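# Structural overview
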Amino acid sequence: MEQTPSTSTDLQHRLLRLQCLQQEMRPRLRGRWIRAIVRWALTVALYIAFWEYHWVRVSLYFVLPLALINSLFLASLTWLLPRAITRLERQIQAAGPAD
């Protein structure tokens, strides 16, 4: 029998990797969110204070995408990772016992 990517064993390995990632990241997520919020508040304050300089306005084109990428990364670890784990658990239950 040919193995497909959705076999129960492959799903269990994927589930184990995601659970390990969640266990490693969960204790640090609150600290990462707090640091990100403080960093964004300081950034906004500095942009308001130094908006008259041209290089500050130009730097916004670099800072804003990086902040958005960081936000998406934190959001995916906080909300999407548990959803992916739940979805994989359901797929494993639907696939039945491992061969």
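Quick look at the structure, then.

Rules used in this analysis
Residues numbered from 1 in each chain as written. Predicted model: local features only at pLDDT ≥ 70, side-chain atom pairs only at ≥ 80, totals over all residues. Heavy atoms only, no water. Helix = DSSP H or I, 4+ residues; strand = E, 2+ residues; numbered from the N terminus. Expected span 1.5 Å × (residues − 1). Bend = angle between axes of the 7 residues up to and from the residue. Buried < 20%, exposed > 50% of the residue type's maximum accessible area, 1.4 Å probe, protein only. Contact = heavy atoms within 4.5 Å. Salt bridge = Lys/Arg side-chain N within 4 Å of Asp/Glu carboxyl O.

### Details of helix α2 (residues 54–95)
Compared with the 62 Å implied by 1.5 Å per residue over 42 residues, the 59 Å span of α2 between its first and last C-alpha is a close match. Largest kink in α2: about 40°, centred on L80, with the proline P82 one to four residues after it. What α2 keeps buried is the set V56, S59, A67, L74, L77, L81, A84, I85, L88 and I92. Where α2 is buried, its residues meet α1 (8–49).

### Describing the pattern of salt bridges
Within the structure shown, the criterion is met by 1 salt bridge. Residues R28 and E24 are paired through a salt bridge, measuring 3.4 Å at the closest nitrogen-oxygen approach. In this pair, R28 and E24 are both assigned in helix α1, 4 residues apart and thus about one turn of the helix distant. Residue class for R28 comes out partly exposed when judged on its relative accessible area of 42%.

These results come straight from atomic positions and should not be treated as a statement about function.
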